[in-house]
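One letter stands for each residue in the lines below.
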Amino acid sequence: MARKLAAGNWKMNGVKASLGEATALAEMFPAPKVDILLCPPATLVAPMAQALFGTQVHVGGQDCHMKTSGAHTGDISAEMLLDAGADHVILGHSERRADHGETDQMVAEKTVAATQAGLSPVVCVGETLAQREAGETLAVIRQQLSGSLPDVVDLKKLVIAYEPVWAIGTGKIPTLEQIAEVHDDMRATLVARYGDGAKDIPLLYGGSVKPSNAAEIFATSNVDGALVGGASLKAADFSGIVKALEAA
Ligand SMILES: O=C(CO)COP(=O)(O)O
């Protein structure tokens, strides 16, 4: 059985005062039945990890460089995230692929860097609306998985997030049948490549997850949790999603 994970991606949102939302969430779940993760912007990784020290809420970064150190102005390494108190890192989010030209190859190198540092990479894949309408969804996802993951990877650390680009921040979600089709295909693709160990890789769905739709999404085949954007910023909203995952 894959571990269940409720992950929040704060994107470029949050200031020091926002840490109160993180500590409020931790207070609501002193002994959660699922893993809870918050990925704030880089400036808040260390203070959030300090604020959450001793709680059951994990902290992650939103990106890391593929190198361990060096002349890469503006970048941070996986080791630096670990040093700041993170234990996960989101990689290959569609916003990074679009804003920073990240390729599958780069995401694969970052995935190696993250696992070598001891972080759990949350590797994101997802089709655009044009690709879905052209009937290319499964082919696109297979290709992204193939290119964004290295041949050798610590399966116990790896997490995959399926985030249809057109569902992010739009309030639109695929039908449950469409989510199941992609998640079942991802599971089969990963097992074919890595063997039975891939049955335990958490497969998250992301894109307009809210407390109101979380339960039905979590009841869908091969969905082990969610990667949540907007609804992870407030403890009151995110707690509803965590509770739905606990109940799933
Ligand atoms: O991109 C996402 C999480 O990484 C999803 O964002 P929303 O939940 O705001 O749609």
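Residues numbered from 1 in each chain as written. Predicted model: local features only at pLDDT ≥ 70, side-chain atom pairs only at ≥ 80, totals over all residues.

So, on to unusual backbone geometry. One non-glycine residue, K11, adopts positive backbone phi at about 50°. Structurally, K11 can be placed in the loop between β1 (5-9) and α1 (19-28). One non-glycine residue, S208, lies in the positive phi region at around 60°. Assignment of secondary structure puts S208 in the loop between β7 (203-206) and α9 (211-218). Residue classification places S208 among the buried residues on the basis of 22 C-beta atoms within 10 Å. (Helix = DSSP H or I, 4+ residues; strand = E, 2+ residues; numbered from the N terminus. Buried ≥ 20, exposed ≤ 12 C-beta atoms within 10 Å, placed from the backbone.)

Taking the numbering used here, the UniProt-annotated feature "binding site: substrate" (unreviewed entry) corresponds to N9, W10, K11, G169, S208, G229 and G230. What stands out for the annotated residues spanning 222 residues is how close their C-alpha atoms remain, the widest pair being 13.9 Å apart. Its location among the elements puts G229 in the loop between β8 (225-228) and α10 (235-247). Accessibility expressed as a C-beta count within 10 Å gives 21 for G229, which makes it buried. (UniProt positions renumbered as here; feature names shortened; annotations may be inferred.)

Glancing now at the packing of α9 against α10. The packing of two helices is summarised by the inter-axis angle and the distance between the axes. For the pair α9 and α10, the least separation of the axes is 8 Å and the interaxial angle reads 20°. Our classification of the angle between α9 and α10 gives roughly parallel. For α9 against α10, the interelement crossing comes out right-handed. Counting all contacts with α9, which are made through P211, A214, A215 and F218, the residues of α10 involved are D237, G240, I241, A244, L245 and A247. Class assignment for the residues of the contact of α9 with α10 results in 8 nonpolar, 1 polar and 1 charged. (Axes fitted to C-alpha atoms, helices over the stretch in contact; angles between N-to-C directions. Parallel < 35°, antiparallel > 145°, perpendicular 65-115°, else oblique. Left-handed = near helix turned anticlockwise from the far one by under 90°. Contact = placed C-beta atoms within 7 Å. Nonpolar A, V, L, I, M, F, W, Y, C, P; charged D, E, K, R; others polar.)

The next point concerns the sheet that holds strand β4 (residues 88-91). Spatially, β1-β2-β3-β4-β5-β6-β7-β8 is the arrangement adopted by the 8 strands of the closed barrel, whose pairing is parallel. Across the sheet, the axes of successive neighbouring strands diverge by a mean angle of 25°, strand direction being ignored. In this sheet, β8 lies alongside β1 in parallel orientation, the contact comprising 4 bridges. By the bridge assignment for β8, L5 is matched with G225. In the packing of helix α7 (residues 137-148) onto the sheet, the strands contacted are β5 (120-125) and β6 (159-162), and the crossing angle to β5 comes to about 150°. (Pairing = 2+ DSSP bridges.)

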